[in-house]
Amino acid sequence: MSPVGCAANAGTAREQARIWGTWPAPGKASFLHTNAGPFSRARLERCQTPERSERNVLARCEDGQQRHAASSALPEMVESESEPDEAPQPQSGVLPDRIGFIGAGQMGEALIRGFVASGISTFDRISASVRSAERQHALNSLGLQVFGNALEGGAADIAANSDVIFLGVKPQYLDGILEALSPHVTPKHLVISIAAGVRVAGLEGGLPEGTRVVRVMPNTPCLIGQAASAYVLGNNATEEDASKTYALMSSVGLAINVEERMMDAVTGLSGSGPAYVFMMVEALADGAVLAGLPRDKALALAAQTVIGAARMVFEASGDGTMTHPAVLKDKVTSPAGTTISGVAELETSGVRGALIRAVRAAARRSEELG
Ligand SMILES: NC(=O)C1=CN([C@@H]2O[C@H](COP(=O)(O)OP(=O)(O)OC[C@H]3O[C@@H](n4cnc5c(N)ncnc54)[C@H](O)[C@@H]3O)[C@@H](O)[C@H]2O)C=CC1
Ligand SMILES: O=C(O)[C@@H]1CCC=N1
């Protein structure tokens, strides 16, 4: 399969400096350290062309032991670290921007906690506008500044106290939020929406002309630095905004720049995907309980099996390229053995088709929300 890092397309350090502005380009040593939080056995890989429209950026966390060997497959990354004329590096890994969340429920709180755990932000740089007393209490206890309902002054408070504003409400509420926020948006703001389905055009249309907007689809594993996120730059977003978005989202996992037409598919796959995997873990554990294992042991083995199998796709080759899952599956499947009996049952039950249809159904729902 193609190398994840797309090393052949990497620009020179000078190009990176131009593209990524004053925030460190992904793959730089200081950036790696920025991301060296409790979850990041970090190797970041980068694939980028000088043309903004073609920019394609990937980052992922890996096992520390793999890092050394895999780094040698990325000479351009090592080389760029030693060049003297690269982009200025910040003294600390913390993004200086103040970050505001309008709506901080499941996804918003996971992002907040993930950013702080990764070291890219701190609770005292983050604020949130929330609606319920329960959310207010929960977020207050984290130590961030909490404002009230966005429709009753909270949006103005967030704008006054933030440089980057995340829109973390349900898509159905977004129009009202944009209306409340719009009068308070200034050229200093970068507005990042995580709402499923809502297009860049809709976001830009609801905000003052020229507003810098980014659309992101994260997922809840950002809480533990293991997100799979994709993002689209709005028409007014700058290279620095791209850099900042990448810095934020790659601090909590994999971050990929995609074209907007791909965002519904992204939403059906990685946005919603954790739910499918949780169901699979639960069902695998149920099967083991049926076969005689105690629940706690079954759950631990099921979850670790999913982690191990997924990491094999990224890491089994040992050279930084991904391995096709069918190849890995075949290595588990002995002739007349146990695995093929299980695999035959999955095929009879239509598991592949069910997963394909699940992703497509969620992608279609995302399309409808837009
Ligand atoms: N939950 C997930 O796994 C993912 C969610 N998203 C997107 O994230 C957004 C939020 O989703 P969840 O966090 O799951 O929903 P949620 O319902 O847990 O959080 C939304 C929060 O917004 C708050 N809110 C609503 N109106 C408000 C107002 N006027 N002022 C202040 N706060 C207000 C709600 O009280 C709630 O706490 C959605 O647009 C969704 O599409 C994106 C990726 C994954
Ligand atoms: O279910 C939803 O609509 C949100 C968007 C992606 C994941 N959760």
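Residues numbered from 1 in each chain as written. Chains lettered and ligands numbered in written order. Predicted model: local features only at pLDDT ≥ 70, side-chain atom pairs only at ≥ 80, totals over all residues. Heavy atoms only, no water.

The chain appears in an unreviewed UniProt entry as Pyrroline-5-carboxylate reductase from [Myrmecia] bisecta. A UniProt comment under Sequence similarities (unreviewed entry) is attached to the chain, and it reads "Belongs to the pyrroline-5-carboxylate reductase family." (UniProt positions renumbered as here; feature names shortened; annotations may be inferred.)

Explain the overall build of the chain to me, and be specific about the residues and the numbers.
Across its full length, the chain holds 16 helices and 10 strands. Scored against the burial criterion, the 370 residues of the chain give a buried share of 47%. Here the analysis covers contacts within the chain between residues at least 6 apart in sequence; of these, 69% occur between residues at least 24 apart. Surface exposure of the chain reaches about 17,600 Å², of which carbon and sulfur atoms provide 58%. (Helix = DSSP H or I, 4+ residues; strand = E, 2+ residues; numbered from the N terminus. Buried < 20%, exposed > 50% of the residue type's maximum accessible area, 1.4 Å probe, protein only. Contact = heavy atoms within 4.5 Å. Areas by Shrake-Rupley, 256 points an atom, 1.4 Å probe, with all protein chains shown as cover.)

I'd like to hear about the pattern of salt bridges, residue by residue, with values.
Applying the stated criterion across every chain, the model contains 14 salt bridges. The closest approach of N and O atoms between Asp97 and Lys244, which form a salt bridge, is 2.8 Å. Placement of the pair is Asp97 in the loop between helix H4 (75-82) and strand E3 (99-102) and Lys244 in helix H10 (residues 239-250), with a sequence separation of 147 residues. Taking the relative accessible area as the measure of exposure, Asp97 reaches 11% and is therefore buried. Where salt bridges share partners, they join Asp97, Glu240 and Lys244 into one cluster. (Salt bridge = Lys/Arg side-chain N within 4 Å of Asp/Glu carboxyl O.)

So what's going on with the site of ligand 1? Which residues, and what values?
Neighbouring ligand 1 are 22 residues, the closest being Gln106, Met107, Asn149, Ala150 and Val169. Contact between ligand 1 and Gln106: an oxygen atom at 2.9 Å from a main-chain N or O atom of the residue. Between ligand 1 and Lys170, the relevant distance is 3.2 Å, taken from an oxygen atom to a side-chain nitrogen or oxygen of the residue. Taken together, the residues that form the shell around ligand 1 break down as 12 nonpolar, seven polar and three charged. (Near = heavy atom within 4 Å. Polar contact = N/O pair within 3.5 Å; in protein donor to acceptor, adjacent residues only side chain to side chain. Nonpolar A, V, L, I, M, F, W, Y, C, P; charged D, E, K, R; others polar.)

I'd like a description of the site of ligand 2, backed by residues and values.
By nearness alone, every residue bordering ligand 2 is listed as Ala196, Gly271 and Ser272. Computed on the free molecule, ligand 2 has an accessible area of 240 Å², of which 48% lies beneath the protein chains in the complex.

Summarise unusual backbone geometry; cite the residues concerned and give the values.
Not every positive phi belongs to a glycine, and Ala336 is a case in point at roughly 55°. Tracing the backbone shows Ala336 in the loop between helix H14 (325-332) and helix H15 (338-349). Overall, the relative accessible area of 83% leaves Ala336 in the exposed class.

Before we move on, can you summarise the packing of helix H11 (residues 263-271) against helix H12 (residues 273-290) with the specific residues and values?
Working note: a packed helix pair is described by the angle between its axes plus the distance between those axes. Interhelical geometry of H11 versus H12 gives an angle of 30° and a closest axis separation of 5 Å. One element, H11, and the other, H12, form an angle in the roughly parallel class. Listed contacts from H12 to Gly268, Leu269, Ser270 and Gly271 of H11 are Gly273, Pro274 and Tyr276. Among the residues forming the contact of H11 with H12, the class breakdown is three nonpolar, four polar and no charged. (Axes fitted to C-alpha atoms, helices over the stretch in contact; angles between N-to-C directions. Parallel < 35°, antiparallel > 145°, perpendicular 65-115°, else oblique.)

How would you explain the UniProt feature "domain: Pyrroline-5-carboxylate reductase dimerisation" (unreviewed entry) in the chain if you had to name every residue and give the values?
Per the UniProt record, "domain: Pyrroline-5-carboxylate reductase dimerisation" (unreviewed entry) is annotated on residues 260-369. Secondary structure within residues 260-369 divides into 79% helix and 0% strand; the distance between the first and last C-alpha atoms comes to 14 Å.

Tell me about the side chain of Asn257, and please be specific about residues and values.
Within the secondary structure, Asn257 sits in strand E10 (residues 253-257). From its side chain, Asn257 meets the backbone oxygen of Tyr231 in a polar contact 3.0 Å long.

Can you explain the packing of aromatic side chains? Please cite residues and give values.
According to the stated counting rule, one finds two aromatic pairs in the structure shown. An angle of 5° between the planes, with centres 4.8 Å apart, marks the rings of Phe101 and Phe166 as stacked. In this pair, Phe101 sits in strand E3 while Phe166 sits in strand E6 (residues 164-167), placing the two residues 65 residues apart along the sequence. Look at Phe166 and you get buried, because its relative accessible area is 1%. An aromatic cluster of three or more residues is present, and its members are Phe101, Phe115 and Phe166. Seen from the ring of Tyr173, Arg131 lies directly overhead, with NZ or CZ sitting 5.1 Å from the centre. (Phe/Tyr/Trp six-rings, centres within 6.5 Å; stacked < 30°, edge-to-face > 60°. Lys NZ or Arg CZ within 6 Å of the ring centre and 35° of its normal.)

Explain the sheet that holds strand E7 (residues 190-193) residue by residue, including any values.
Taken in spatial order, the eight strands line up as E5-E4-E3-E6-E7-E8-E9-E10 in an open sheet, and their pairing is mixed. The open sheet has two edge strands, strand E5 (145-147) and E10, and neither has a second partner. The mean inter-strand angle of the sheet, taken between neighbouring strand axes irrespective of direction, is 25°. Relative to E6, E3 is paired through four bridges, and the arrangement is parallel. Paired with Phe101 across the two strands is Phe166, which belongs to E6. Relative to the sheet, H11 contacts strand E8 (212-217) and strand E9 (227-233), its axis offset from that of E8 by approximately 45°. (Pairing = 2+ DSSP bridges.)

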